[in-house]
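Take a look at the letters that make up each chain.
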Amino acid sequence: MLEAKAIHKVYNNGTKQIHVLKGVDLNIEEGKFVVILGPSGAGKSTLLHILGGLDSPTKGRVIFQGLDIYGLADEAISEVRNTKIGFVFQFYHLLSEFTVLENALMPALINAKTGKTQNTKPEEKALELLKQVGLSARITHFPSQLSAGERQRVALVRGLINHPGLLLCDEPTGNLDSETGKEIISLIKKISQQNRMTVVLVTHNTELAKMADSVYHLRDGVLVN
Ligand code: ADP
Ligand code: MG
């Protein structure tokens, strides 16, 4: 369902060039839970952004559900990303002025605005997911009133609200203690299995590899087993 072919990424920092990805190949089957390990600075976030249509590769192709996504116009890439891919980040990126429920609904509201929604009852869906992650009593709270683990659970619900086929997670436990981190990972695993969702999770935490169907290492700009 997701394939990367000879992905290269070069960043230009003024006069200096950093060649972060040097030919990444990856082939992920539908419904799998894939973990990509690598130390800080290895290029994990860069790769995840490229896989999710957030940042284009310098060279190479990403085929998602049969679509060569960087062969599409920018608008079409955004549509794929907004309707078919969910993201969870290390620092949640919740909007502080909005409640838990509003934050969870944000991607659905964005799609409703552009007329691209398949989700006819996003609020019901949000409430159901918030219940599943144990946040039913928190829906009118603001992010500042939540613990780190609760914030990440809201971010997870937001990532799932459009029922994406693919969930991309960038160090989702990086800001959590190990117990809370484990809870988040179990929730991701449980919900993705129930919904036949594919998950790609990048992390420096080798512990998380235990949860995966397949594990890759990002080393010197390439993926190895
Ligand atoms: P990781 O997520 O594994 O820690 P990143 O993908 O964030 O690694 O970064 C890999 C390398 O690319 C680092 O050296 C980082 O400084 C550099 N880098 C990341 N993003 C940019 C950018 N937007 N511009 C320039 N260099 C960047
Ligand atoms: Mg990173």
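Scroll up for the structure.
Residues numbered from 1 in each chain as written. Chains lettered and ligands numbered in written order. Predicted model: local features only at pLDDT ≥ 70, side-chain atom pairs only at ≥ 80, totals over all residues. Heavy atoms only, no water.

Q: Quick one: what's the story with the site of ligand 1, residue by residue and with numbers?
A: Taken together, Tyr-11, Asn-13, Val-20, Pro-39, Ser-40, Gly-41, Ala-42, Gly-43, Lys-44, Ser-45 and Thr-46 make up the full set of residues near ligand 1. Separating an oxygen atom of ligand 1 from a side-chain N or O atom of Lys-44 is a distance of 2.8 Å. If ligand 1 stood free it would expose 560 Å²; the protein chains cover 61% of that surface. Of all elements in the fold, only strand E1 (2-13) and helix H1 (44-51) reach the threshold of two or more residues within the shell around ligand 1. Ranked by the residues each element gives to the shell around ligand 1, the list is headed by H1, at three residues. (Near = heavy atom within 4 Å. Polar contact = N/O pair within 3.5 Å; in protein donor to acceptor, adjacent residues only side chain to side chain. Areas by Shrake-Rupley, 256 points an atom, 1.4 Å probe, with all protein chains shown as cover. Helix = DSSP H or I, 4+ residues; strand = E, 2+ residues; numbered from the N terminus.)

Q: Requested: an account of the packing of helix H3 (residues 100-113) against helix H4 (residues 122-132), with residues and values cited.
A: The N-to-C vectors of H3 and H4 enclose an angle of 125 degrees; their axes lie 10 Å apart at closest approach. The orientation of H3 relative to H4 falls into the category oblique. Once H3 is placed against H4, the crossing between them reads as right-handed. Contacts between H3 and H4 involve Val-100, Leu-101, Ala-104, Leu-105 and Ala-108 from the former and Pro-122, Glu-123, Ala-126, Leu-127 and Leu-130 from the latter. Taken together, the residues of the contact of H3 with H4 sort by class into nine nonpolar, no polar and one charged. (Axes fitted to C-alpha atoms, helices over the stretch in contact; angles between N-to-C directions. Parallel < 35°, antiparallel > 145°, perpendicular 65-115°, else oblique. Left-handed = near helix turned anticlockwise from the far one by under 90°. Contact = heavy atoms within 4.5 Å. Nonpolar A, V, L, I, M, F, W, Y, C, P; charged D, E, K, R; others polar.)

Q: Could you give an account of unusual backbone geometry, naming the residues involved and the relevant values?
A: A positive phi angle, near 45 degrees, is found at Ala-6, a position not held by glycine. For Ala-6, a relative accessible area of 36% gives the class partly exposed. (Buried < 20%, exposed > 50% of the residue type's maximum accessible area, 1.4 Å probe, protein only.)

Q: Hey, could you go over H1 for me, with residue numbers and the actual values?
A: Buried residues dominate H1, accounting for six of its eight residues. Among the residues of H1, those classed as buried are Lys-44, Thr-46, Leu-47, Leu-48, Ile-50 and Leu-51. One or two residues past the end of H1 sits Gly-53, with phi positive at roughly 75 degrees.

Q: Got a sec to walk through the environment of Val-88? Specific residues and values, please.
A: Along the polypeptide, Val-88 turns up in strand E6 (residues 85-88). Note: C-alpha distance between Val-88 and Val-157 (69 residues apart in sequence) is 9.1 Å. The residues touching Val-88, leaving out its near neighbours within four places in the chain, are Gln-152, Ala-155, Leu-156, Leu-167, Leu-168, Cys-169, Asp-170 and Pro-172.

Q: Go over the sheet that holds strand E10 (residues 222-224), please, and point to the residues and values.
A: Strand order in the open sheet made by the six strands is E6-E7-E8-E3-E9-E10, with mixed pairing throughout. Strands at the two margins of the open sheet, each flanked by one partner only, are E6 and E10. Across this sheet, the average inter-strand angle for adjacent strands is 20 degrees, counted without regard to direction. The pairing of strand E3 (residues 33-37) with strand E8 (residues 198-203) spans five bridges and is classified as parallel. (Pairing = 2+ DSSP bridges.)

Q: Got a sec to walk through the nonpolar core? Specific residues and values, please.
A: One finds Leu-156, Leu-167 and Ile-188 to be the most contacted residues of the largest nonpolar core, which totals 37 residues. Those elements that place two or more of their residues in this core are E3, H3, H4, helix H5 (148-160), strand E7 (166-170), helix H6 (178-194) and E8. Ignoring any residue separated from it by four or fewer positions in sequence, one finds Ile-188 in contact with Phe-33, Leu-156, Leu-167, Cys-169, Pro-172 and Val-199. Ranked by size, the runner-up nonpolar core spans 32 residues in total, among them Val-20, Val-34, Val-80 and Phe-87. (Core = buried A, V, L, I, M, F, W, Y, C linked by side-chain atoms within 4.5 Å.)

Q: Pulling in residues and values, what's your account of the pairing of E8?
A: Of all six residues making up E8, six are buried, and the element is well covered by its neighbours. On E8, burial covers both faces: Thr-198, Val-200 and Val-202 on one face and Val-199, Leu-201 and Thr-203 on the other are all buried. Note: E7 against E8, five bridges, orientation parallel. Opposite Leu-166, over in E8, you have Thr-198 as the bridge partner. This β-α-β element, E7 to H6 to E8, shows right-handed connectivity. (Right-handed = clockwise from strand over helix to strand, strands pointing away.)

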